[in-house]
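# Report on the structure
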Amino acid sequence: MAIRKIFKEGEDILKKVCRPVTKFDANLGVLLDDMFETMAAADGVGLAGPQVGICRRLAVVDTGDDRLELVNPVIIESDGTQIGPEGCLSVDSSKNCNVLRPYKVTVKAQDRTGKEFTGTYVGLTARCICHELDHLDGILFYTKEYKDAQ
Ligand code: NI
């Protein structure tokens, strides 16, 4: 395993819509393992493909409650709301802000072997999944900053 370079805001790849993963080979497993290691070394709870320079639809999440590898993920159901602070390993922490997210999401994805699975997650894991899936569409969290109506 290896720690990969984390791309920072301002790099074009973070604004791109990623393509699906089509090859479920050994390289994909290495990439996902590297992403887990890179995320842990940076003290993050989620990391998406474009953040390590790979414009493909994949992400890893480890919130302590749930450890997930998401290949070609799609949110198929969401419920409730939560407002809470977010940051990103690709964005300076001065841009951390509150974001409105669903409280619960059901995501359908594949694992590194191509096997499909569906899971339902709440709280921080749900927030994290939404944040990482946004990366796959070139969206950074602070563009969705939640501002109180006051
Ligand atoms: Ni992020």
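One structure accompanies this document, and this report is about it. (Residues numbered from 1 in each chain as written. Predicted model: local features only at pLDDT ≥ 70, side-chain atom pairs only at ≥ 80, totals over all residues. Heavy atoms only, no water.)

## Considerations on the coordination of the nickel ion
In an ideal tetrahedron of four donors about a metal, each angle is 109.5 degrees. In an ideal octahedron of six donors, the angles are 90 or 180 degrees. In the first shell of the nickel ion, the protein supplies Cys-88 (SG), His-131 (NE2) and His-135 (NE2), at 2.1 to 2.3 Å from the metal. The motif formed by the donor residues of the nickel ion, counted along the single chain, is C-x42-H-x3-H. Highlighted residues: Cys-88 in the loop between strand 4 (82–86) and strand 5 (97–101) and His-135 in helix 2 (residues 123–136), separated in sequence by 47 residues. The buried category is assigned to Cys-88, whose relative accessible area is 11%. (Donors = N, O, S within 2.8 Å, 3.2 Å for Na, K, Ca; no water. Helix = DSSP H or I, 4+ residues; strand = E, 2+ residues; numbered from the N terminus. Buried < 20%, exposed > 50% of the residue type's maximum accessible area, 1.4 Å probe, protein only.)

## A word on the side chain of His-135
Judged by relative accessible area, His-135 falls into the buried class, the value being 1%. A distance of 3.3 Å separates a polar atom in the side chain of His-135 from a polar atom in the side chain of His-131. When residues no more than four places from it in sequence are discounted, the contact partners of His-135 are Lys-16, Cys-18, Ala-48, Pro-50, Gln-51, Cys-88 and Leu-140. (Polar contact = N/O pair within 3.5 Å; in protein donor to acceptor, adjacent residues only side chain to side chain. Contact = heavy atoms within 4.5 Å.)

## Here we look at the sheet that holds strand 6 (residues 104–110)
The strand order across the open sheet built from five strands is 1-2-3-6-7, with neighbouring strands paired in antiparallel fashion. Because the sheet does not close on itself, it has two edges, and the strands there are strand 1 (46–48) and strand 7 (116–122). Each neighbouring strand pair of the sheet contributes to a mean axis angle of 40°, computed without reference to strand direction. As paired strands, strand 3 (residues 67–79) and strand 6 are joined by six bridges and run antiparallel to one another. Paired with Asp-79 across the bridge in strand 6 is Lys-104. Helix-sheet contacts for helix 1 (residues 26–41) involve strand 1, strand 2 (58–62) and strand 3, and the interaxial angle to strand 2 is about 40°. Packed onto the sheet, helix 2 meets strand 1, strand 2, strand 3, strand 6 and strand 7 and runs at close to 105° relative to strand 3. (Pairing = 2+ DSSP bridges. Axes fitted to C-alpha atoms, helices over the stretch in contact; angles between N-to-C directions.)

## Overview of unusual backbone geometry
The residue Asp-43 is not glycine, and still its phi comes out positive at about 65°. Here Asp-43 is to be found in the loop between helix 1 and strand 1. On the basis of relative accessible area, Asp-43 is assigned to the exposed category, the value being 72%. Even without glycine at this site, Asn-72 takes up a positive phi of about 50°. Along the chain, Asn-72 turns up in strand 3. Assessed through its relative accessible area of 17%, Asn-72 is described here as buried.

## Thoughts on a nonpolar patch on the surface
Residues Ile-83, Leu-100 and Tyr-146 make up a contiguous nonpolar surface patch of roughly 260 Å² in combined accessible area. Position of Ile-83 relative to the elements: it lies in strand 4. Under the relative-accessibility criterion, Ile-83 is labelled partly exposed at 46%. (Patch = residues over 30% accessible without salt bridge, like charges linked within 9 Å, V, L, I, M, F, W, Y side chains within 5 Å. Areas by Shrake-Rupley, 256 points an atom, 1.4 Å probe, with all protein chains shown as cover. Salt bridge = Lys/Arg side-chain N within 4 Å of Asp/Glu carboxyl O.)

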